[in-house]
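# Tertiary structure, described
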Amino acid sequence: MKYLYYLYQLLVALPLLVVVTILTTLIVSLGCVLGNGHFWGYYPGKCWAWIITRLFLLPVTVEGRAHLKPGQSYVFVANHQGAFDIFLIYGFLCRNFKWMMKWEIKKIPFVGFACKMSHQIFVDKSGPSRVKETYDQARATLKSGMSLMVFPEGARTYTGKMRSFKKGAFMLADELQLPVVPITINGSFKVMPRTKDWHFAQWSPLRMTIHQPIFPVGQGHDNISTIMRQSYDAVMSDLEEQYKDK
């Protein structure tokens, strides 16, 4: 079955992935030029991610959507197991948001341009002024009423186990007094871990758990530390046992 799945990817899933990705980026770019970047920056991408997940025949389970209230702006923080985290979150969270993403994505043909046009936030660490610009853009996004999606580990795990969180997203939530929503992703590490980029995907169910929002309990250093610790613990609580801290 494994080799039949590889053959299916080679002959069906991968060619369609390329076609769907190019079409989606063109729709996003054109739509954003015409106006309403919040719409065009989310819904075509949501459909793209849903289609790709289904193309690879991956079962998806989502728990906890009921925790999210309509009209509320959130800072979403999720563990980063593998490349398919993007498709799982984008396709199945069912919440309009902007990504905080690696600067290198800007260089990917079609994709980088569409992300730029739809005002996704590129994290530029090349110097203090660039870091400040990234932070300012994220702040403006949240102030506009949009939600933000962040991988607070900063990069994908090499082992499946979650690394420590960086505090940038929690500082933004603290400054604007917004709730943080922890998200646990399971299965993505098995599908395509960081060490297997550009390899065939492995079949595995995907599961996303949306935890209860964590609201600020003050403002400043203590609040940031508390929310960051609670978010880490919430994400860790629903990880598969083999990826939990022992």
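As shown above, the structure is provided for reference.
Residues numbered from 1 in each chain as written. Predicted model: local features only at pLDDT ≥ 70, side-chain atom pairs only at ≥ 80, totals over all residues. Heavy atoms only, no water.

## Comments concerning the sheet that holds strand β1 (residues 60-63)
In space, the 7 strands of this open sheet follow the order β1-β7-β6-β2-β5-β3-β4, with mixed pairing throughout. If you trace the sheet from one side to the other, it starts and ends with β1 and β4 (121-123), each paired once. Averaged over neighbouring strand pairs, the angle between their axes works out to 20 degrees when direction is ignored. Here 3 bridges tie strand β2 (residues 75-78) to strand β5 (residues 147-150), and the two strands are oriented parallel to one another. By the bridge assignment, Phe-76 is partnered in β5 with Met-149. (Pairing = 2+ DSSP bridges. Helix = DSSP H or I, 4+ residues; strand = E, 2+ residues; numbered from the N terminus. Axes fitted to C-alpha atoms, helices over the stretch in contact; angles between N-to-C directions.)

## Examining the packing of helix α6 (residues 128-143) against helix α7 (residues 168-176)
As a packed pair, α6 and α7 sit with axes 11 Å apart at the nearest point and diverge in direction by 45 degrees. By the criterion of interaxial angle, the relationship of α6 to α7 is oblique. The two elements α6 and α7 meet at a crossing, and its hand is right-handed. Note on element contacts: α7 touches α6 through Gly-168, Met-171, Leu-172, Glu-175 and Leu-176, opposite Tyr-135, Ala-138, Arg-139, Leu-142 and Lys-143. (Parallel < 35°, antiparallel > 145°, perpendicular 65-115°, else oblique. Left-handed = near helix turned anticlockwise from the far one by under 90°. Contact = heavy atoms within 4.5 Å.)

## Things to note about unusual backbone geometry
Positive phi is not limited to glycine here, since Gln-177 has a value of about 55 degrees. With respect to the helices and strands, the residue Gln-177 is situated in the loop between α7 and β6 (180-186). In the Ramachandran plot, Trp-198 falls in the positive-phi region, its phi being about 65 degrees despite a non-glycine side chain. Tracing the sequence through the fold places Trp-198 in the loop between α8 (188-191) and β7 (206-210). The exposure class assigned to Trp-198 is exposed, which follows from its relative accessible area of 86%. (Buried < 20%, exposed > 50% of the residue type's maximum accessible area, 1.4 Å probe, protein only.)

## Quick word on the packing of aromatic side chains
Tallied over the full model, the rule gives 20 aromatic pairs. Between the aromatic rings of Phe-97 and Trp-99, the centroid separation amounts to 5.0 Å while the plane-to-plane angle is 75 degrees, which identifies the pairing as edge-to-face. The residues Phe-97 and Trp-99 share a single accessibility class, namely buried. Grouped by ring-pair contacts, the aromatic residues Phe-39, Trp-40, Tyr-42, Tyr-43, Trp-48, Phe-56, Phe-84, Phe-87, Tyr-90, Phe-97, Trp-99 and Phe-151 constitute a single cluster. (Phe/Tyr/Trp six-rings, centres within 6.5 Å; stacked < 30°, edge-to-face > 60°.)

## Considerations on α6
Two residues of an α-helix separated by three or four positions point the same way, owing to the 3.6 residues in each turn. Look at α6: 22 Å from first C-alpha to last across 16 residues, which is about the 22 Å you get at 1.5 Å a residue. Turning to α6, its buried residues are Thr-134, Ala-138, Arg-139, Thr-141 and Leu-142. The buried residues of α6 occupy an angular sector of 160 degrees when the element is viewed end-on, so they sit on one face. Residues Lys-132 and Lys-143 are exposed on α6 and point more than 90 degrees away from its buried face. Phi turns positive one or two residues past the end of α6, at Gly-145, with a value near 100 degrees. (Expected span 1.5 Å × (residues − 1). Arc of directions from axis to C-beta.)

## Re the nonpolar core
One finds Phe-56, Ile-89 and Leu-93 to be the most contacted residues of the largest nonpolar core, which totals 37 residues. Looking at this core, the elements that each hand over two or more residues are α1 (2-34), α3 (43-55), β2, α4 (85-92), β3 (97-102), β6 and β7. In terms of residue count, α4 provides more of this core than any other element does, 5 residues in total. If we ignore the near neighbours within four places in the chain, the residues touching Phe-56 are Tyr-5, Gln-9, Ala-13, Leu-14, Leu-17, Phe-84, Ala-201 and Trp-203. Ranked by size, the runner-up nonpolar core spans 23 residues in total, among them Leu-142, Met-162, Met-236 and Leu-239. (Core = buried A, V, L, I, M, F, W, Y, C linked by side-chain atoms within 4.5 Å.)

## Quick look at the side chain of Gln-9
Along the polypeptide, Gln-9 turns up in helix α1. Judged by relative accessible area, Gln-9 falls into the buried class, the value being 1%. There is a polar contact of 2.8 Å between the side chain of Gln-9 and the backbone oxygen of Ala-201. The contacts of Gln-9, once residues within four sequence positions are left out, are Leu-14, Pro-15, Phe-56, Phe-200 and Ala-201. (Polar contact = N/O pair within 3.5 Å; in protein donor to acceptor, adjacent residues only side chain to side chain.)

## Some details on α3
Compared with an ideal rise of 1.5 Å per residue, which puts 13 residues at 18 Å, α3 spans 18 Å between its outermost C-alpha atoms and is within 8% of the ideal. Regarding α3, the residues found buried are Pro-44, Gly-45, Trp-48, Ala-49, Ile-52, Thr-53 and Leu-55. One face of α3 carries all of its buried residues, which in axial projection span an arc of 165 degrees. As for α3, its buried residues are in contact with α1, α2 (37-40), β1, α4 and β7. Phi turns positive one or two residues past the end of α3, at Leu-57, with a value near 60 degrees.

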